[in-house]
Amino acid sequence: MPKKALMSWSGGKDSALALYYALQNPAYTVQHLLTSVNAHYERISMHGVRVALLEAQARRIGLPLTQLRLPEMPSMEEYDHALLATLGGLRAQGVAAAIYGDIFLEDLRAYREQQLARVPLRGEFPLWQRAGADLLREFIDQGFRAIIVCVNERWLDASFCGRLLDRDFLLDLPPGVDPCGENGEYHSFVFEAPYFSSPVLFEKGVLVRRTYAPVAGTAERGPDDPFATGFWYCDLLPAETAG
C-alpha cells in the first residue's frame, strides 16, 4: 500500500519539481501541502508571496493546504515548536512521510530528518544531489512556468527580481550563483505546472527592498549570516478572486 505523504510546499520551483516526481512515485500518495507563512504579513515565509496566491496554487493542485503560521521573525525554539505540533497533527491523520525539494545542503537535510524523527515521519528528497542546471532545464522543459519574486542582493541585483525563470535567466546568472538558488540567491513563484488545473493569474506590483534585524537575544550577525544583507521582492497581485 502506498504511504500517505505531505509535500513541504514553498510555492517555488524546487518544491514544484519535487512534487512532480512524488506524484509519479507509486510508493506514496501525496495528501497535503504544508507551507510556512509569515502570519504578520500574510505571505509565504522568505518568498514574500501573498497567501491568496498560495491558496490559488493549492486549488489548482487539488490538495488541502496546511499553513504553518509563524511570527515575523520567529526564534528557532518558536519555529521548532510550531513545526512539531503541525507535523504531529498530520501524523495523527495517517501521514507517514514528508517530501522536500532540497538539493545539496547537508545541514538542512540533517535538521529536517532530526525533526521528522521526533514525530516520527520519513523524509523523502526526490531532487537530492541532482545538478542544478539540469534540474532547471528539466523544470522548463516539463512545462513549468515561474517568476522570480525575491533576490539576495549579495548575489544578484534588483534587475533579476520579477524576471521569468527561463533559459535566458539561467544564462544571465553571474559566476558563483547556484542555478537553482540553493544557497538562497533567489526564490520563485510557480504559476503554471503540469499538474495545475489552470495557470495562476497575477499582475506584477512594486519592487521593494527589505533588510532584517537580528532576532532578539541573538548575537550580532557575522558575514556568513544569510540575513546580513538586503533582499529585493517583486510583489505579485492576484488577478482573480476565485478559481
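Residues numbered from 1 in each chain as written. Predicted model: local features only at pLDDT ≥ 70, side-chain atom pairs only at ≥ 80, totals over all residues. Heavy atoms only, no water.

J.: Where do I start with the overall build of the chain in this structure?
T.: In terms of helices and strands, the chain carries six helices and 10 strands. Relative to a compact globule of 243 residues, whose C-alpha radius of gyration would be 18 Å, the chain shows 17 Å and is just as compact. Taken over the C-alpha atoms alone, the chain extends approximately 50 × 45 × 40 Å along its principal axes. Within the chain, buried positions represent 45% of all 243 residues. A separation of at least 24 residues holds for 72% of the contacts in the chain among residues at least 6 apart in sequence. Within the chain, one finds 23 positive and 30 negative side-chain charges whose respective centroids are separated by 5 Å. (Helix = DSSP H or I, 4+ residues; strand = E, 2+ residues; numbered from the N terminus. Rg over C-alpha atoms; globule rule 2.2 N^0.38 Å. Buried < 20%, exposed > 50% of the residue type's maximum accessible area, 1.4 Å probe, protein only. Contact = heavy atoms within 4.5 Å. Lys, Arg positive; Asp, Glu negative; His and termini not counted. Charge placed at Lys NZ, Arg CZ, Asp CG, Glu CD.)

J.: Can you help me understand the sheet that holds strand β10 (residues 230-238) in this one?
T.: Strand pairing in a sheet is mediated by backbone hydrogen bonds. Such pairs are either parallel or antiparallel. Across the sheet, which stays open at both edges, the four strands sit in the order β8-β7-β10-β9 with antiparallel pairing between neighbours. Two strands bound the open sheet, and with one partner strand each, they are β8 (186-192) and β9 (202-211). For this sheet, the mean inter-axis angle between neighbouring strands, taken without regard to orientation, is 25 degrees. Where β9 lies against β10, eight bridges are found, and the strand directions are antiparallel. Of the residues in β10, the one forming a bridge with Glu203 is Leu237. (Pairing = 2+ DSSP bridges. Axes fitted to C-alpha atoms, helices over the stretch in contact; angles between N-to-C directions.)

J.: Looking at this model, I keep getting lost on unusual backbone geometry. Mind explaining?
T.: Trans is the common state for peptide bonds, and a negative phi is the common state for residues other than glycine. The amide bond that connects Val119 to the next residue, Pro120, takes the cis arrangement and shows omega of 0 degrees. Checked against the element boundaries, Pro120 lands in the loop between α4 (106-117) and β6 (122-124). In the Ramachandran plot, Met46 falls in the positive-phi region, its phi being about 70 degrees despite a non-glycine side chain. For Met46, the position within the fold is in the loop between β3 (43-44) and α2 (51-61).

J.: So what exactly am I meant to see when it comes to the side chain of His47 here?
T.: Along the polypeptide, His47 turns up in the loop between β3 and α2. A distance of 3.2 Å separates a polar side-chain atom of His47 from the backbone oxygen of Ser188. Residues within four places of His47 in sequence aside, it is in contact with Ser10, Gly12, Val149, Cys150, His187, Ser188 and Tyr233. (Polar contact = N/O pair within 3.5 Å; in protein donor to acceptor, adjacent residues only side chain to side chain.)

J.: Explain the packing of aromatic side chains to me, please; I cannot follow it from the model alone.
T.: Between two aromatic rings, the relevant description is the distance of the centres plus the angle of the planes. The full count for this structure, using the stated rule, is 11 aromatic pairs. Arranged with centres 5.9 Å apart and planes meeting at 70 degrees, the rings of Tyr20 and Tyr21 form a pair that is edge-to-face. A residue is classified by how much of its surface remains accessible, and Tyr20, at 16% relative accessible area, is buried. By relative accessible area, which is 25% here, Tyr21 ends up partly exposed. The interplanar angle of 80 degrees and the centroid separation of 5.7 Å between the aromatic rings of Tyr20 and Phe144 together place this pair among those described as edge-to-face. (Phe/Tyr/Trp six-rings, centres within 6.5 Å; stacked < 30°, edge-to-face > 60°.)

J.: What is the right way to look at α2 in this model?
T.: In an α-helix there are 3.6 residues to a turn, and that puts residues three or four apart on one side. Of all 11 residues that make up α2, eight are buried, and the element is covered over most of its length. Among the residues of α2, Val51, Leu53, Leu54, Ala56, Gln57, Ala58, Arg60 and Ile61 are the ones counted as buried. Positive phi shows up at Gly62, right after α2, with a value of about 85 degrees.

J.: Help me out: how do you make sense of the pattern of salt bridges in this one?
T.: Side chains that differ in sign of charge can pair as their charged atoms come close. Throughout the structure, instances matching the rule amount to 14 salt bridges. The partner of Arg130 in a salt bridge is Glu138, with the nearest N and O atoms 2.9 Å apart. Residue Arg130 is classed as partly exposed on the basis of its relative accessible area of 31%. Of the residues examined, Glu138 reaches a relative accessible area of 18% and is grouped as buried. For Arg163, the salt bridge identified is with Asp172, shortest N-O distance 3.0 Å. One network of salt bridges, with partners in common, ties together Arg43, Arg50 and Asp235. (Salt bridge = Lys/Arg side-chain N within 4 Å of Asp/Glu carboxyl O.)

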